[in-house]
Amino acid sequence: PFYDSDANGRHGVEAIRTKYGRDFIVRPIEYPLGLKLIDGTVIKDPGNLWEALGDERFAQFLIQQLE
């Protein structure tokens, strides 16, 4: 699962890591700083990031995060 970059999202990542970290690799996604949507919304969740980057760039971003 992907979570928002706020405190609750970071808590969600840690909860999943604690519960399933022995069976799966769990990593937070580092969202690009300063990236905004056209309306000025700051990118803080996967949906916003996908909207800002589009399909191909979003896929490349995720691949880069997993390397």
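Look a little higher up for the structure.
Everything numeric in this text was worked out from a predicted model, so none of it was measured.

Criteria and thresholds
- Starting afresh in each chain, residues are numbered from 1 along the sequence in its written order.
- The model is predicted, so local features are restricted to residues of pLDDT at least 70 and side-chain atom pairs to those at 80 or more, both for listing and for counting; the totals for chains, interfaces and linings are taken over all residues.
- Computation of side-chain values: all heavy atoms of the structure, hydrogens and water removed.
- Note on conventions: DSSP H or I runs of at least 4 residues are helices, E runs of at least 2 residues are strands, and numbering of each starts at the N terminus.
- Exposure categories follow from relative accessible area, calculated using a 1.4 Å probe and restricted to protein chains: below 20% of the type maximum is buried, above 50% is exposed, and the middle band is partly exposed.
- Any two residues whose heavy atoms approach within 4.5 Å are treated as being in contact.
- Residue-level accessible areas treat just the shown protein chains as cover; the underlying method is Shrake-Rupley with a 1.4 Å probe.
- Think of it this way: Lys and Arg go in the positive column, Asp and Glu in the negative one, and His and the chain ends go nowhere.
- Working definition for charges: the position is that of NZ of Lys, CZ of Arg, CG of Asp or CD of Glu.
- To estimate how far a helix should reach, multiply one less than its number of residues by 1.5 Å.
- Think of it as the arc spanned by the lines of direction from the helix axis to the C-beta atoms.

S.K.: Please explain the overall build of the chain as it appears in this structure.
M.R.: For the chain, the helix and strand inventory stands at two helices and zero strands. For the chain, the C-alpha atoms occupy an extent of roughly 40 × 25 × 15 Å along the three principal directions. Within the chain, buried positions represent 24% of all 67 residues. Once local pairs closer than 6 in sequence are excluded, the contacts in the chain between residues at least 24 apart make up 37%. Taken as a whole, the chain presents about 5,300 Å² of accessible surface, with 56% of it coming from carbon and sulfur. Averaged over its 8 positive side-chain charges, the chain has a centre that lies 7 Å from the centre of its 11 negative ones.

S.K.: Looking at this structure, I do not really get the environment of I29. What am I missing?
M.R.: Along the chain, the position of I29 falls in the loop between α1 (7–20) and α2 (46–66). The exposure class of I29 is buried, given its relative accessible area of 18%. Through-space distance from the C-alpha of I29 to that of L62 is 8.1 Å; in sequence the pair is 33 residues apart.

S.K.: Which parts of the structure should I look at to understand α1?
M.R.: Note: α-helices contain 3.6 residues per turn, so residues at a spacing of three or four share the same orientation. Under the 1.5 Å per step criterion, the end-to-end length of α1 is 20 Å for 14 residues, consistent within 8% with the ideal 20 Å. Along α1, the positions that sit buried rather than exposed are G9, G12 and V13. Looking straight down α1, one finds its buried side chains confined to an arc of 100°; they lie on one side. In α1, those exposed residues whose orientation departs by more than 90 degrees from the buried face are A7, N8, R10, H11, T18 and K19.

S.K.: Please clarify how the side chain of N48 should be interpreted in this entry.
M.R.: Tracing the chain through its elements places N48 in helix α2. The contact partners of N48, leaving out residues within four places of it in the chain, are L37, T41, V42 and I43.

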